[in-house]
Amino acid sequence: NLIYQASPTKLRLLILDVASERSLYSRLPHLYAPIISDSDRMTNVLRWLPIEYRRRRGVMSRAGVQKYSDYRSLNANADPRITLVIPELSHLDNEQQELLVNVIEKVSQIGVETGIHILINSRVFGERCAKFVRYADVHLAFSASSLEEARGFGVTGAEWLLPHNDTLLRVGQSALSRIHSWLLPKESYEQILNVLSRASELTYINPKGEF
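Let us look at the structure shown here. Predicted model, so just to flag it, every value in this text is computed and none were measured.

On to the overall build of the protein. Within the protein one finds 7 helices and 6 strands. When the helices and strands of the protein are placed in sequence order, the string is α-β-α-α-β-α-β-α-β-α-β-β-α. Looking at the protein as a whole, 37% of its 211 residues are labelled buried. Contacts in the protein between residues far apart in sequence, at least 24 positions, make up 64% of those at least 6 positions apart. For the protein, the accessible surface area stands at approximately 12,300 Å², while carbon and sulfur atoms represent 51% of it.

In structure tokens:
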């Protein structure tokens, strides 16, 4: 959805992933740098993002704006949005998770939006995820296969028996709601990504992945 909505000049993905299964995305023209799979480089990315946030905030302040969309309207050559993508939270070590908390604190400051965003996935919701929820208004999707499991998230009633592909969604501190999400087979994703990969030339902003 992200890459359908914006061209590489407006959006870049910065993917931290130790798993080779994400190689599907390695040829996307929306990448800020090659997919970062080395632990030391992942740490460097998490240290660099607050620095980039402060740089962007300074540039926008001098332009007299506090929202990236307003800055973009003033400067057609503005740096593209950056979405940090972490496909599996548990792959980050303790130091990296603390650095991620710092990034979230920066990009979630009220009244300032610099075009830096974070997308995190975790297969298990526990202490690793809970500490991030405290720092930001985030979207959480829980897959629940039984009433007992749903009750663990504060949901009651037989209506919360969820069939295949249903999830429980919470936005920020709001109540849980039920949604149905269609899951595409892997082959469909491959086809879509192949088309997008051919649509634009692959040119990294940071080709060496050094931060």
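To describe a pair of aromatic rings, one takes the distance between the centres and the angle between the planes. This structure, assessed with the given rule, holds 3 aromatic pairs. Seen in terms of ring centroids, Y32 and F211 are 6.1 Å apart; in terms of plane orientation they differ by 25°. Their pairing is stacked. Separated by 179 residues along the polypeptide, Y32 in the loop between β1 (11-15) and α2 (39-63) and F211 in the segment after α7 (186-199) bring together distant segments of the chain. Note on F211: relative accessible area 24%, which makes it partly exposed. Consider the rings of W48 and F211, whose centres lie 5.0 Å apart with planes at 55°: the pair is tilted.

According to the stated counting rule, one finds 5 salt bridges in the structure shown. Two residues, R56 and E52, come together in a salt bridge whose shortest N-O distance is 2.8 Å. Of this pair, R56 and E52 both sit in helix α2, 4 residues apart, roughly one helical turn. The same class applies to R56 as to E52, namely buried. With its nearest N and O atoms 3.2 Å apart, the salt bridge here joins R81 to E113. Of this pair, R81 sits in strand β2 (residues 81-86) while E113 is found in the loop between α4 (94-107) and β3 (116-120), placing the two residues 32 residues apart along the sequence. Here the salt bridges share partners, and the residues they tie into one network are E52, R55, R56 and D79.

For the rest of this paragraph, the subject is the nonpolar core. With 25 residues, the main nonpolar core has L14, L16, V45, L49, L84 and L100 as its most contacted residues. With residues up to four places along the chain from it excluded, the contact list for L49 reads L84, V103 and I116. Of all hydrophobic cores here, the second largest spans 10 residues; its members include A6, L13, L193 and L196.

Thresholds applied
- Residues numbered from 1 in each chain as written.
- Predicted model: local features only at pLDDT ≥ 70, side-chain atom pairs only at ≥ 80, totals over all residues.
- Heavy atoms only, no water.
- Helix = DSSP H or I, 4+ residues; strand = E, 2+ residues; numbered from the N terminus.
- Buried < 20%, exposed > 50% of the residue type's maximum accessible area, 1.4 Å probe, protein only.
- Contact = heavy atoms within 4.5 Å.
- Areas by Shrake-Rupley, 256 points an atom, 1.4 Å probe, with all protein chains shown as cover.
- Phe/Tyr/Trp six-rings, centres within 6.5 Å; stacked < 30°, edge-to-face > 60°.
- Salt bridge = Lys/Arg side-chain N within 4 Å of Asp/Glu carboxyl O.
- Core = buried A, V, L, I, M, F, W, Y, C linked by side-chain atoms within 4.5 Å.

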